[in-house]
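Single-letter residue listing:
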Amino acid sequence: MKTFVKLLLILWWLLNITQAYVDEIDPYSWKSNIEKTILIEKYLIEHKTKIVNFSIKYDAEKDVEINRSIDKIDYLIESLNKIQNNNLDEETQDLAITTILNEIKKVNDALKITLNKKKDSFELNLRVKKDFYSNLWYKLSFKIEEIHSMMYDKRVYEKKILTERELKIKTSLKKLSNLAKDLKYFWNNQFNNEDEIKSSFIKILKDIKIQISTLKSNI
């Protein structure tokens, strides 16, 4: 029963972060406060990891506001460790925990605005870059189709037995045709950042270059 009561108290503290004190008529009140700091510390460590991952994903690793929030979280974690490791009286612990919870709320309120702005800005920029590359892909796909049409020989495609040269030409033309389709519908692919767009585009260009080179050497 005491364990259940203590769990309720911990949840009460975490959900009602603006409340200053709680009367705990409980011989285990000291342990309860330590348990609270451990839970809060665990939350902050996980929260910090999520913020760092967000900043990496949305190219915001140098953002001043985000880094300031991370520093504040580190400071709060240190404060929790001090509560855990120092023999503070219950009233001081209660006040310290309440202050930390209030600071977490302030950090999260500010972060919510900053992270949303960063996410929206990043996604808008990514859409602009994707549209730019999409126009290039679409134009290039028609150029590749023109090359395919010029080189296409129905007799070679229908032959059952091909020479080594004919086989290389046929294979390269098929690959070029597939690459043209990849370019035409490349806009439909999902990308996490501009580097992925560039690397995918460069890979296709290299493949096209290889196939054109093969055609030239076998014509």
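Nothing here was measured: the structure is a model prediction, and the numbers come from that model.

By the element assignment, Leu111 lies in helix H4 (residues 90-151). Residue Leu111 is classed as buried on the basis of its relative accessible area of 3%. Each C-alpha atom, one on Leu111 and one on Ser69, is 7.2 Å from the other, the two residues being 42 residues apart in sequence.

For an α-helix, 3.6 residues make a turn, and residues three or four places apart therefore share a direction. Given a rise of 1.5 Å per residue, 25 residues ought to cover 36 Å, and the 37 Å separating the end C-alpha atoms of helix H7 (residues 194-218) matches this to within 8%. All of the buried residues in H7 are Ile197, Phe201, Ile204, Ile208, Gln211, Leu215 and Asn218. Two to three positions downstream of the cap, the backbone nitrogen of Asp195 sits 3.2 Å from a side-chain oxygen, assigning the N-cap of H7 to Asn193.

Applying the stated criterion across every chain, the model contains eight aromatic pairs. Ring geometry for Tyr58 and Phe122: centres 5.3 Å apart, planes at 90°, overall edge-to-face. Here Phe122 lies in helix H4 and Tyr58 lies in the loop between helix H2 (29-57) and helix H3 (64-85), a separation of 64 residues in the sequence. Phe122 matches Tyr58 in its accessibility class, with the two residues each being buried. Centre to centre, the rings of Phe132 and Tyr133 are 5.4 Å apart; their planes meet at 80°, and the pair counts as edge-to-face. Exposure remark for Tyr133: the relative accessible area of 12% places this residue in the buried category. The rings of Phe132, Tyr133, Trp137, Phe191 and Phe201 are connected pair by pair, giving a single aromatic cluster. One residue, Lys184, lies across the ring of Phe142, its end atom 4.8 Å from the ring centre.

Conventions we followed
- Residues numbered from 1 in each chain as written.
- Predicted model: local features only at pLDDT ≥ 70, side-chain atom pairs only at ≥ 80, totals over all residues.
- Heavy atoms only, no water.
- Helix = DSSP H or I, 4+ residues; strand = E, 2+ residues; numbered from the N terminus.
- Buried < 20%, exposed > 50% of the residue type's maximum accessible area, 1.4 Å probe, protein only.
- Expected span 1.5 Å × (residues − 1).
- Polar contact = N/O pair within 3.5 Å; in protein donor to acceptor, adjacent residues only side chain to side chain.
- Phe/Tyr/Trp six-rings, centres within 6.5 Å; stacked < 30°, edge-to-face > 60°.
- Lys NZ or Arg CZ within 6 Å of the ring centre and 35° of its normal.

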